[in-house]
Amino acid sequence: MTDWRVLLLSALAFLALLAGLLVLAMPDSYEGEILYDLSDTHSVRSLDVKGVVLMAAGGVTAWAAGLLWQRRIKRS
């Protein structure tokens, strides 16, 4: 089964998840301004939020690709 929509959604999900993981792995010097200070050694920075948004978007996109794939399999 080769549906271009499933392949496109899967590729987009992979790229969003990969980008989110790369953004979350950045060192503190690249992470931007502090949005929320938890303690002296822990804080939430602007790139942390962007990384979580990218990870969530990748997860939702992968889930949508799985739903579309399941729907196509059941039709066949």
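Figured I'd write up the structure that's included with this text. Residue indices begin from 1 for each chain and proceed along its sequence in written order. The model is predicted, so local features are restricted to residues of pLDDT at least 70 and side-chain atom pairs to those at 80 or more, both for listing and for counting; the totals for chains, interfaces and linings are taken over all residues. Hydrogens are left out, water is left out, and the side-chain values use all remaining heavy atoms of the structure.

When a carboxyl oxygen of Asp or Glu lies within 4 Å of a side-chain nitrogen of Lys or Arg, that pair is called a salt bridge. All chains considered together, the criterion is met by 3 salt bridges. A salt bridge links R5 to D3; its shortest N-O distance comes to 3.5 Å. Where D3 meets R72, a salt bridge forms, and the shortest distance between an N and an O atom there is 3.0 Å. A residue pair is termed long-range when its members are at least 10 positions apart, and D3 in the segment before α1 (4–24) and R72 in helix α2 (residues 46–75) qualify at 69 residues. A 1.4 Å probe rolled over the protein chains alone gives each residue an accessible area, and that area as a share of the maximum for its type sets the label: buried under 20%, exposed over 50%, partly exposed in between. The class of D3 is buried, set by a relative accessible area of 7%. Owing to a relative accessible area of 23%, R72 belongs among the partly exposed residues under this scheme. Overlapping salt bridges bring together D3, R5 and R72 as one network. Counting from the N terminus, the helices are DSSP H or I runs at least four residues long and the strands are E runs at least two residues long.

A few words now on the environment of G59. Mapped onto the elements of the fold, G59 is located in helix α2. You can call G59 partly exposed: its relative accessible area is 33%. Spatially, the C-alpha atom of G59 lies 8.4 Å from that of A16, the residues being 43 residues apart in sequence.

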